Amino acid sequence: MPTTIDAYIAAFPDDVQSILQQIRRTIHDAAPEATEAISYQMPTFKLHGNLVHFGAFKNHIGFYPVPSGIEAFQDELAAYKQGKGSIQFPLDRPMPFDLIRRIVEYRVQENTANAAAKRKKR
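## Re the overall build of the protein chain
Scanning the protein chain from N- to C-terminus turns up 5 helices and 6 strands. For the protein chain, the succession of helices and strands along the chain, N to C, is α-α-β-β-β-β-α-α-β-β-α. When its C-alpha atoms are laid out on the principal axes, the protein chain stretches across 50 × 35 × 25 Å. The proportion of buried residues among the 122 residues of the protein chain is 43%.

## So, the packing of helix α2 (residues 14–30) against helix α5 (residues 97–121)
For any two helices packed against each other, the geometry is given by the interaxial angle and the distance between the axes. In the contact formed by α2 and α5, the axes pass within 9 Å of each other and the chain directions differ by 40°. Taken together, α2 and α5 sit at an angle that is classed as oblique. Note on packing geometry: the crossing formed by α2 with α5 is right-handed. In this structure, α2 contributes Ile 19, Gln 22, Ile 23, Thr 26, Ile 27 and Ala 30 to the contact, and α5 contributes Phe 97, Ile 100, Arg 101, Val 104, Glu 105 and Val 108. The residue inventory of the contact of α2 with α5, partitioned by class, reads 8 nonpolar, 2 polar and 2 charged.

## So, the packing of aromatic side chains
Counted by the stated rule, this structure contains 5 aromatic pairs. With a centroid separation of 5.2 Å and 45° between ring planes, the pair formed by Tyr 8 and Phe 12 is classed as tilted. Judged by centre distance (6.1 Å) and plane angle (35°), the rings of Phe 63 and Phe 89 are tilted. Remark: Phe 89 occurs in strand β6 (residues 87–90) and Phe 63 occurs in strand β4 (residues 60–64); sequence separation between them is 26 residues. You can call Phe 63 buried: its relative accessible area is 1%. With a relative accessible area of 1%, Phe 89 lands in the buried category. Of the aromatic side chains, those joined through ring pairs into one cluster are Phe 63, Tyr 80 and Phe 89.

## What about the sheet that holds strand β2 (residues 42–46)?
Each strand in a sheet pairs with another by means of backbone hydrogen bonds, the pair being arranged parallel or else antiparallel. Here we have 6 strands laid out as an open sheet, ordered β1-β2-β3-β4-β6-β5, and antiparallel in their pairing. Every other strand in the sheet has two partners, leaving β1 (35–39) and β5 (81–82) as the edge strands with one partner each. Note: β4 against β6, 4 bridges, orientation antiparallel. Counterpart to Gly 62 in the pairing with β6 is Gln 88.

## Observations concerning the pairing of β4
In terms of burial, β4 is largely enclosed, as 5 of its 5 residues are buried. What you see with β4 is no split at all: His 60, Gly 62 and Tyr 64 on one side and Ile 61 and Phe 63 on the other are buried throughout. Of the strand pairs in this sheet, strand β3 (residues 50–56) and β4 are connected by 4 bridges, and their pairing is antiparallel. What sits directly across from Phe 54, in β4, is Phe 63. With antiparallel pairing between neighbouring strands as the criterion, β3 and β4 make up a hairpin whose turn holds 3 residues.

Thresholds, definitions, all that
- Residue indices begin from 1 for each chain and proceed along its sequence in written order.
- Residues qualify for local features only when their pLDDT is at least 70, as the model is predicted, and side-chain atom pairs are given and counted only at 80 or more; totals for whole chains, interfaces and linings, by contrast, use all residues.
- Remark: hydrogens and water are excluded; side-chain values derive from all non-hydrogen atoms of the structure.
- Helical segments are the DSSP runs of H or I of at least four residues, strand segments are the runs of E of at least two, and each set is numbered from the N terminus.
- The classification of residues rests on relative accessible area computed with a 1.4 Å probe and restricted to protein chains. Under 20% of the type maximum is buried, over 50% is exposed, and intermediate values are partly exposed.
- Whenever a helix is involved, its axis is fitted only over the stretch in contact; in every case the axis is a line through C-alpha atoms, and angles between N-to-C directions fall within 0 to 180 degrees.
- To sort the angles, those under 35 degrees are grouped as roughly parallel, those over 145 as roughly antiparallel, those from 65 to 115 as roughly perpendicular, and the leftovers as oblique.
- Put simply, a crossing is left-handed when the front helix is turned counterclockwise from the back one by less than a right angle, and right-handed when it is turned clockwise.
- Two residues form a contact once any of their heavy atoms are found within 4.5 Å.
- Any residue that is not Ala, Val, Leu, Ile, Met, Phe, Trp, Tyr, Cys, Pro, Asp, Glu, Lys or Arg is counted as polar, Gly included; the first ten are nonpolar and the last four charged.
- Note on aromatic pairs: the rings of Phe, Tyr and Trp (six-membered ring only in Trp) are paired at centre separations within 6.5 Å, and the planes decide the class, stacked below 30 degrees, edge-to-face beyond 60, tilted for the rest.
- Only strands joined by at least two bridges in the DSSP assignment are considered to pair.

Quick look at the structure:
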């Protein structure tokens, strides 16, 4: 079981590794203050709590921006298979890095606003 994102990515074939590294860079660019972790055995970025998770599977990349991150981009995500808090980006289609970036930026704003609201309540 990998304990770092580097170890997680290293376990995949080269072509999948390059996609995972690009997703990682995309998330870093969109959320420079976020920290990396492994959570639920997947690469995770945290900023005021869980921001997003992602992972590689046989035929797709799973991306997990929580339900609100999916609802906010429902029209653009309509072409992809989805679960309650997950999106599947098929490996045989171009990865929507720009869409991933915008979802992460949305989640940064959401988590930052939620954290500020919690501080105000105290």
